[in-house]
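Observations on the model geometry
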Amino acid sequence: MLSKIYLSKAISWQSYDVIDLLFILNHANHNFYYFRETSKTMIECILNTQSIEEVIRTCKRDYEVEELTLRNSVNDFILLLKQEGILYD
């Protein structure tokens, strides 16, 4: 996996901390996504950085998880977001 990730220019997103949700609309395929709890933490970190290592560091700080398990989860999440057209490298 590459170390840099980028947001698609075809998305809009909004975070609602009061109800602990983050929404993404992909304008290219008209799909709507929402994220809560751990996935919200991960997507917020992705929205604020281009570094996969930064995403892993943030999640490692916030959650007690083995590093290999965390790396695999983050990589799987990023691959899913790429497949959905939300991210690219």
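Now for a description of the structure that goes with this document. Source: prediction; values computed, not measured.

1. Digging into the overall build of the chain
What the chain contains, in helices and strands, is three helices and five strands. Reading the chain from its N terminus to its C terminus gives the helix and strand order β-β-β-β-α-α-α-β. Its C-alpha radius of gyration of 13 Å places the chain within 12% of the 12 Å reference for a compact globule of 89 residues. Taken over the C-alpha atoms alone, the chain extends approximately 35 × 30 × 15 Å along its principal axes. Looking at the 89 residues of the chain, the share that counts as buried comes to 34%. In the chain, which carries 9 positive and 13 negative side-chain charges, the distance between the mean positions of the two groups comes to 6 Å.

2. A short note on the pattern of salt bridges
Under the criterion given, the structure shown has nine salt bridges. Salt bridges sharing common partners tie together Asp-17, Asp-20, Lys-40 and Glu-44.

3. With respect to helix H3 (residues 67–83)
The end-to-end C-alpha distance of H3 is 24 Å, a good match for the 24 Å that 17 residues give at a rise of 1.5 Å each. Three or more residues of H3 are buried, namely Leu-70, Val-74, Phe-77, Ile-78, Leu-81 and Lys-82. Seen from one end, H3 has its buried residues packed into an arc of 140 degrees, which puts them on one side. Along H3, exposed side chains directed more than 90 degrees from the buried face belong to Leu-68, Asp-76 and Gln-83. Looking at the buried side of H3, the elements it contacts are strand S4 (31–36), helix H1 (37–48), helix H2 (52–62) and strand S5 (87–88). Just downstream of H3, Gly-85 is the residue with a positive phi angle, here 80 degrees.

4. Re the environment of Ile-5
Within the secondary structure, Ile-5 is located in the segment before strand S1 (6–7). C-alpha separation for the pair Ile-5 and Ile-52, spaced 47 residues apart in sequence, amounts to 7.0 Å. Not counting residues up to four positions away in its chain, the partners in contact with Ile-5 are Ile-46, Gln-50, Ile-52, Ile-78, Lys-82 and Tyr-88.

5. Some points on the packing of H1 against H2
In the contact formed by H1 and H2, the axes pass within 9 Å of each other and the chain directions differ by 145 degrees. The element H1 and its partner H2 pack so that their crossing is right-handed. Between H1 and H2, the residues in contact are Thr-41, Met-42, Cys-45 and Ile-46 and Glu-54, Val-55, Thr-58, Cys-59 and Asp-62, respectively.

Cut-offs used in this document
- Residues numbered from 1 in each chain as written.
- Predicted model: local features only at pLDDT ≥ 70, side-chain atom pairs only at ≥ 80, totals over all residues.
- Heavy atoms only, no water.
- Helix = DSSP H or I, 4+ residues; strand = E, 2+ residues; numbered from the N terminus.
- Rg over C-alpha atoms; globule rule 2.2 N^0.38 Å.
- Buried < 20%, exposed > 50% of the residue type's maximum accessible area, 1.4 Å probe, protein only.
- Lys, Arg positive; Asp, Glu negative; His and termini not counted.
- Charge placed at Lys NZ, Arg CZ, Asp CG, Glu CD.
- Salt bridge = Lys/Arg side-chain N within 4 Å of Asp/Glu carboxyl O.
- Expected span 1.5 Å × (residues − 1).
- Arc of directions from axis to C-beta.
- Contact = heavy atoms within 4.5 Å.
- Axes fitted to C-alpha atoms, helices over the stretch in contact; angles between N-to-C directions.
- Left-handed = near helix turned anticlockwise from the far one by under 90°.

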